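Structural features, examined
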Amino acid sequence: MVGQNNSQAEPITCTEPNLIPRSEHSISRKQFSPNAIKVLYRLKDGGYDAYLVGGCIRDILLGIEPKDFDVVTNATPEQVKKLFRNCRLIGRRFRLAHIVFGREIIEVATMRGHHQGQDSKNPISQSSEHGQLLRDNVYGTIEEDAERRDFSINALYYSVKDFTIHDFANGMQAIKERKIELIGDPETRYREDPVRMLRAVRFATKLDMHIAPATKAPIKELAGLLSNIPAARLFEETLKLFLNGKAEQNFYMLLEFGLFKQLFPALDEIIEQSETGFEKRFIAQMFANTDLRINADKKVTPAFVYAALLWFPLLKRSEKLQQQEQLPVFDAFAQAMNQVLGENAQHIAVPKRFTLGARDIWHIQMRLDKRSGQRAYRLSQQPRFKAAYDFLLLRVESGEQEQQALADWWTNYLQQDINGQKEMVRTLSSQDTGKPRRRHRRKPKKKSPE
């Protein structure tokens, strides 16, 4: 059993909350969204208990500006909807209320209770044979809700009644020690929701914390449970991992824990078998560049990220099709794209708008050395050309030196005006033939006799 090797430490449990008065913590209502405050007071005035919980409290205590404000209450989703005209109910696995204020959404969850085992016939609670929760509309008390939270740093509740923080799992101490630790038995909690393994990695890098030994120990052995997670949900989780400014660190940690293999098995196999390490350097460099862009508030498209992550499986499959089925290069490349994207969709469901972008980036890679006549100009006008050009630079930056001359040519070409670009193409044509190319004039059509 995995649990036998976790650690000598006892599992973190929820006890009577440690009530931290306003005078002993640094949180002020001024740091909260005004809309979140409105929701809290509307629920309180409606006779319900309501707390801000989780990430927003954790982030403020760490000096980070929170992006989302989540509310938990003892009101059911239907009761919440009666209080707010701007409310919509979402979710099947666990019902949530979204209170919509223009572009801002305040998420309100009903306090969760303990679910029944897989043998139970409870229609609102169901788990799989692996212990994964499939349906979870079980409501309970704040104490039960705290026990259902994943990490101790997320089991912090801020009360609008007396401005106290309710700390159920020693989360304040975990924040001081910069420690990510699961509440309860780690193996059980990972089996309930395997995505918690990805969340542990993401929180550790995002918050500059370390994963506690007992929380870390089962991950490698339980990594395979991610195969039970819907592919659409894994796409959302990979976006959080790769577009949060800490993608490079997340990449190395996912490799360390065997989680990357579950997300991208074909690429992981190539990286493991590589003799030069080029593929790993390429992906790490892509993530490093992505982090730089995000931290500089520049746009990043998932199409580029997935074009890079599936590039080597694409090349490998294309080469295999050329050898085994004797297909021409371009035909093999086109077939390989369909196969690789189809296989990846079984693990991570990338939306079509991003796979189309990845296809464009790949197609342009095959045409970058075709520059004669109007080809260079027409190619440079393609909507995805800039992304494809950046992809070429990434290949060179990672060590693909045979593409250096091509990358330098395109860099120079893009810096020229239209006349300079035409001259570069003419010079290139002359170098290709060894002498200036003659323009062939069309012969005039013979006039028909009258």
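Keep in mind it's a predicted model, so treat the numbers as computed, not measured.

Here is what the cut-offs are and how they apply
Residue positions are given per chain, counting from 1 as you read along its sequence in written order. Thresholds applied to this predicted model are a pLDDT of at least 70 for local features of residues and 80 or more for the giving and counting of side-chain atom pairs; totals over whole chains, interfaces and linings are not thresholded and use all residues. Side-chain metrics in this entry use all non-hydrogen atoms of the structure; hydrogen atoms and water are not considered. Fitted lines through C-alpha atoms give the axes, limited to the stretch in contact for helices. The angle between two N-to-C directions lies from 0 to 180 degrees. Secondary structure follows DSSP: runs of H or I at least 4 residues long count as helices, runs of E at least 2 residues long count as strands, and numbering of each begins at the N terminus. Should an angle lie under 35 degrees it is considered roughly parallel, over 145 roughly antiparallel, and from 65 to 115 roughly perpendicular; all remaining angles are considered oblique. Crossings are assigned a handedness: left-handed for a near helix turned anticlockwise from the far helix by less than a right angle, right-handed for a clockwise turn. Here, residues are in contact when the closest pair of their heavy atoms is within 4.5 Å. Under this grouping Gly is polar, as are all residues other than the nonpolar Ala, Val, Leu, Ile, Met, Phe, Trp, Tyr, Cys and Pro and the charged Asp, Glu, Lys and Arg. Each aromatic pair joins two rings of Phe, Tyr and Trp (for Trp, the six-membered one) with centres within 6.5 Å, and gets the label stacked for planes under 30 degrees apart, edge-to-face for over 60, and tilted for any other angle. Only protein chains enter the calculation, and the probe is 1.4 Å; a residue is then buried if its accessible area is under 20% of its type maximum, exposed if over 50%, and partly exposed in between. Each ring is checked for a lysine NZ or an arginine CZ that lies within 6 Å of its centre and within 35 degrees of its normal; such an atom marks a charge sitting over the ring. Paired strands, in this sense, are two strands between which DSSP finds at least two bridges. Within a predicted model, pLDDT stands for the predictor's per-residue confidence, ranging from 0 to 100. One fewer than the residue count of a helix, multiplied by 1.5 Å, yields its expected span. Within this analysis, the arc is defined by the directions that extend from the helix axis to the C-beta atoms. Note on definitions: salt bridges are taken to be side-chain nitrogens of Lys or Arg within 4 Å of carboxyl oxygens of Asp or Glu. Residues belong to a common nonpolar core when they are buried Ala, Val, Leu, Ile, Met, Phe, Trp, Tyr or Cys residues joined through side-chain atoms within 4.5 Å.

Close contact between helix α14 (residues 278-295) and helix α15 (residues 302-309) brings their axes to 10 Å; oriented N to C, the two are set at 165°. Relative to α15, the element α14 lies roughly antiparallel. The two elements α14 and α15 cross, and the hand of that crossing is left-handed. For the pair α14 and α15, contact is made by Phe-282, Ile-283, Met-286, Phe-287 and Thr-290 and by Phe-304, Val-305, Ala-308 and Leu-309, respectively. Classifying every residue of the contact of α14 with α15 gives eight nonpolar, one polar and no charged.

The subject of this paragraph is the packing of aromatic side chains. Within this structure, the stated rule accounts for 26 aromatic pairs. Their ring planes at 70° and their centres at 4.9 Å tell us that Phe-32 and Tyr-158 sit as a pair that is edge-to-face. In this pair, Phe-32 is assigned in the loop between β1 (18-20) and α1 (34-45) and Tyr-158 in strand β9 (residues 156-159), connecting sequence segments 126 residues apart. Exposure remark for Phe-32: the relative accessible area of 5% places this residue in the buried category. Residue classification places Tyr-158 among the buried positions, given a relative accessible area of 1%. Grouping aromatic residues by their ring pairs yields a cluster made of Phe-235, Phe-242, Phe-251, Tyr-252, Phe-260, Phe-264, Phe-287, Tyr-306 and Phe-354. For the cation-ring pair, Arg-371 lies above Trp-409, with the distance from its terminal atom to the ring centre recorded as 4.9 Å.

Looking now at the pairing of strand β2 (residues 50-53). Side chains of β2 alternate between two faces, with Ala-50 and Leu-52 and Tyr-51 and Val-53 buried alike. In terms of strand pairing, β2 meets strand β3 (residues 70-73) through four bridges, oriented antiparallel. Paired with Val-53 across the two strands is Asp-70, which belongs to β3. In the sheet, β2 pairs with β9 via three bridges, with the strands oriented antiparallel. Residue Tyr-51 lies in a different strand from β9, and its bridge partner there is Ser-159.

Let us now look at the confidence of the model for the chain. With 88% of its residues at a pLDDT of 70 or more, the chain has an overall mean of 89. Predicted confidence is poor over residues 117-127, with pLDDT under 50, and the contacts of this stretch with residues over four places away or in other chains come to 22 contacts.

Right, let's get into helix α21 (residues 404-415). An ideal rise of 1.5 Å per residue puts 16 Å on 12 residues; α21 measures up with 17 Å between its terminal C-alpha atoms. Of all the positions in α21, only Leu-406, Ala-407, Trp-409, Trp-410 and Tyr-413 are classed as buried. Buried residues of α21, viewed axially, fall in a sector of 160°; they line one side. The exposed set on the far side of α21, more than 90 degrees from its buried face, consists of Ala-405 and Gln-415.

Quick look at the pattern of salt bridges now. Under the defined criterion, the tally for this structure stands at 20 salt bridges. For Asp-360, the salt bridge is made with Arg-384, and the minimal N-O distance between the two is 4.0 Å. With Asp-360 in helix α18 (residues 352-365) and Arg-384 in the loop between α19 (375-380) and α20 (385-397), this residue pair connects regions lying 24 residues apart in the sequence. With relative accessibility at 34%, the residue Asp-360 sits in the partly exposed group. In this structure, the salt-bridge partner of Arg-426 is Glu-423, at a minimum N-O distance of 3.0 Å. Taken together, the residues Arg-426 and Glu-423, both in helix α22 (residues 418-433) and three residues apart, mark about one turn of the helix. Connected through shared salt-bridge partners, Arg-58, Asp-59 and Lys-206 make up one network.

In this section: the nonpolar core. One finds Leu-43, Leu-52, Leu-259, Leu-309 and Trp-362 to be the most contacted residues of the largest nonpolar core, which totals 103 residues. In this view, Trp-362 contacts Tyr-306, Ala-307, Leu-310, Trp-311, Leu-314, Phe-333, Met-337 and Leu-341; residues no more than four positions away in its chain are not counted. In this structure, Ile-364, Ala-376, Tyr-389 and Leu-428 belong to the second largest nonpolar core, which totals 17 residues.

The next thing to look at is the side chain of Ser-159. Of note, Ser-159 is situated in strand β9. Residue Ser-159 is classed as buried on the basis of its relative accessible area, which comes to 5%. Excluding residues within four positions of it along the chain, Ser-159 makes contact with Tyr-51, Thr-164 and His-166.

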